[in-house]
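# Chain and residue survey
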Amino acid sequence: MAERETSRDIDQAASEWTARLDRGPLTPEQDEAFQAWLQGDPRSKGALLRAQALSLRSESAQALGPDFDPAAFEEPKQSSPSGISRRKTLIWAGGAVAASTLLALGLNIPTAGAVISTGRGEIRLVPLKDGSTVLLNTASSIRVQDDAEVRRVTLLEGEAYFSVARDPRPFTVEVDGRRLRTTQAGFRVRKLGGSPVDVLVDRGRVDLATPSRVDVALGANTRLLLSAAGQPQPIAPEIVTRELSWREGKLAFEGETLKQAADTFARYSDIRIQIRDPELAREPVTGLFASNDPVGFSRAIARVFDAKVDQRGDDVILTRTAAAQ
């Protein structure tokens, strides 16, 4: 009985196959070996997606030359409850992607009562008078009140990460009639559609004022959904990192369905990913991807799940090939 490959072995093989695919078309013999590897272990597809996500926004293996070794860009393996890879990200090596993702950089301190918004695909850094900052995600809006007595920001819609500087005045975030207070912390607040408001504390402590006047304390690596029965839940640091990957223009998936991933990309781009095959839409997706590249994401998906990509204007259509069906 053959010994089962380790996750590290599979990740290494995925990196090598990605580099080989970037160099040009496979020979029939190589393609047969590639398909055999891809179908040989259920973990292979997820590993290939992770490797291709890194490759999509970096220089191609062909440009790197025949001596390119993907292993040189890997960090040592660490145990993680989420199982997400801790590879160094090549996405940002060139800087061009970061420049295109941060479409607007707020350098002017807003006046009290100012409403600040971002468009689709735009990330904006908003500095405040006290030294705090608010990083606005795509399609988000806040109202700022910062004067001698009050440090207050209202999240009107979307998602924002608050990096709060220490100050004698408490810093308050209002969202849907609820108040979050802190003196120094880093935390994310998300308000999307009909979903409950999602609060995630990265560092420090945040207190939620309740109708009973008893504050609920949220420490580092804690999440709370502001629903009627919501209770603070501790989460692993790796999950916090994944949830906050949008701050660097990335989207991290760890087992979400392809349909869920397509819906997430729709928040960041006018390009829409349409999945015509219900079975394909339910396939799990694992990897780290540039949020402003739904086309590149779709091509990676098509290669792994034996699908076809057809771009028609702002629509990217994914269909399963006849052989896969």
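Placed above this text is the structure.
Since the structure is predicted, the reported quantities are computational estimates derived from the model, not experimental observations.

What counts and how
- Residues numbered from 1 in each chain as written.
- Predicted model: local features only at pLDDT ≥ 70, side-chain atom pairs only at ≥ 80, totals over all residues.
- Heavy atoms only, no water.
- Helix = DSSP H or I, 4+ residues; strand = E, 2+ residues; numbered from the N terminus.
- Contact = heavy atoms within 4.5 Å.
- Core = buried A, V, L, I, M, F, W, Y, C linked by side-chain atoms within 4.5 Å.
- Buried < 20%, exposed > 50% of the residue type's maximum accessible area, 1.4 Å probe, protein only.
- Pairing = 2+ DSSP bridges.
- Phe/Tyr/Trp six-rings, centres within 6.5 Å; stacked < 30°, edge-to-face > 60°.
- Lys NZ or Arg CZ within 6 Å of the ring centre and 35° of its normal.

### Observations regarding unusual backbone geometry
- Notably, Asp176 is not glycine yet its phi reads approximately 50 degrees, a positive angle.
- Locating Asp176 in the fold gives a position in the loop between β6 (171–175) and β7 (178–182).
- Notably, Asn221 is not glycine yet its phi reads approximately 60 degrees, a positive angle.
- On the secondary structure map, Asn221 appears in the loop between β11 (216–218) and β12 (222–225).

### Section: the side chain of Thr154
- Looking at where Thr154 falls in the secondary structure, it is placed in strand β5 (residues 151–164).
- Non-local contacts of Thr154, meaning those with residues more than four positions away in its chain, are made with Ser141, Ile142, Arg143 and Glu174.

### Quick word on the nonpolar core
- Counting residues in hydrophobic clusters, the biggest one holds 41 residues, and the most contacted among them are Trp37 and Phe297.
- If you look at the next biggest cluster of nonpolar residues, it comprises 27 residues, including Leu136, Val144, Ala185 and Val201.

### Structural notes on the pairing of β12
- In this structure, strand β9 (residues 198–204) lies alongside β12, joined through four bridges in antiparallel fashion. Within β12, the position partnered with Leu200 by the bridge is Arg223.
- Note: β12 against strand β13 (residues 233–234), two bridges, orientation antiparallel. Of the residues in β13, the one forming a bridge with Arg223 is Gln233.

### Observations concerning the packing of aromatic side chains
- Tallied over the full model, the rule gives nine aromatic pairs.
- Ring centres of Phe289 and Phe297 lie 4.8 Å apart, and the angle between their planes is 90 degrees; this geometry places the pair in the edge-to-face category.
- You can call Phe297 buried: its relative accessible area is 1%.
- Ring pairs connect the aromatic residues Phe253, Phe265, Phe289 and Phe297, which therefore count as one cluster.
- Sitting above the plane of the Tyr161 ring, Arg247 keeps its charged end 4.4 Å from the centroid.

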